[in-house]
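So the chains spell out like this:
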Amino acid sequence: MSQLVKRIKRSLCRRLYYGFARLLLPSDGHHGDFYKKICYFFASCFVVSCGKNVNFEQYASFDPELKIGDRSGVGKNASLSGHIVIGKDVMMGPYCTMM
């Protein structure tokens, strides 16, 4: 893939995550697994590295520099800014802020 196509894909995924996916209902609610997969799909397209089975809860925000490991989760209304590295099997609670 050319660099231009990659940049366009990342930009589009980021816009769709922030404009649509992060506003979906929480993953523990009705149809939660479906919403979880949508958030994961869009978020994993624009972050530096995203492991398998990662959960991004409702209203979570983060920079594209994020690296997150397998089976980790970002809680509701969490805010991650800057170059953040989260390992495997890490669960962040709601309203968590990292800079």
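Please refer to the structure placed before this passage.
Presented here is an overview of the structure given in this document. Every value quoted in this text rests on a predicted model; they were computed, and no experiment measured them. (Residues numbered from 1 in each chain as written. Predicted model: local features only at pLDDT ≥ 70, side-chain atom pairs only at ≥ 80, totals over all residues. Heavy atoms only, no water.)

Another point: the nonpolar core. By size, the foremost hydrophobic cluster in this structure holds 25 residues, and its most contacted members are Tyr17, Phe56, Phe62, Leu66, Ile68 and Leu80. Contributions of two or more residues to this core are made by helix 1 (3-19) and helix 2 (32-46). Sequence-distant contacts of leucine 66, that is, excluding residues within four places in its chain, are made with Val47, Val48, Ser49, Phe56, Leu80, Ile84 and Ile86. (Core = buried A, V, L, I, M, F, W, Y, C linked by side-chain atoms within 4.5 Å. Buried < 20%, exposed > 50% of the residue type's maximum accessible area, 1.4 Å probe, protein only. Helix = DSSP H or I, 4+ residues; strand = E, 2+ residues; numbered from the N terminus. Contact = heavy atoms within 4.5 Å.)

On to the packing of helix 1 against helix 2, then. The contact between helix 1 and helix 2 brings their axes to 8 Å, and the two run at 140 degrees. With respect to their mutual orientation, helix 1 and helix 2 come out oblique. In this structure, the crossing between helix 1 and helix 2 has a hand that is left-handed. Contacts between helix 1 and helix 2 involve Lys9, Arg10, Cys13, Arg14, Leu16, Tyr17 and Tyr18 from the first element and Cys39, Phe42, Ala43, Cys45 and Phe46 from the second. When the residues that make up the contact of helix 1 with helix 2 are grouped by side-chain class, the tally is nine nonpolar, no polar and three charged. (Axes fitted to C-alpha atoms, helices over the stretch in contact; angles between N-to-C directions. Parallel < 35°, antiparallel > 145°, perpendicular 65-115°, else oblique. Left-handed = near helix turned anticlockwise from the far one by under 90°. Nonpolar A, V, L, I, M, F, W, Y, C, P; charged D, E, K, R; others polar.)

Inspection of every chain in the model, using the stated rule, returns one salt bridge. With its nearest N and O atoms 2.8 Å apart, the salt bridge here joins arginine 71 to aspartate 89. Taken together, the residues arginine 71 in the loop between strand 4 (67-68) and strand 5 (73-74) and aspartate 89 in the loop between strand 7 (85-86) and strand 8 (97-98) connect sequence positions 18 residues apart. (Salt bridge = Lys/Arg side-chain N within 4 Å of Asp/Glu carboxyl O.)

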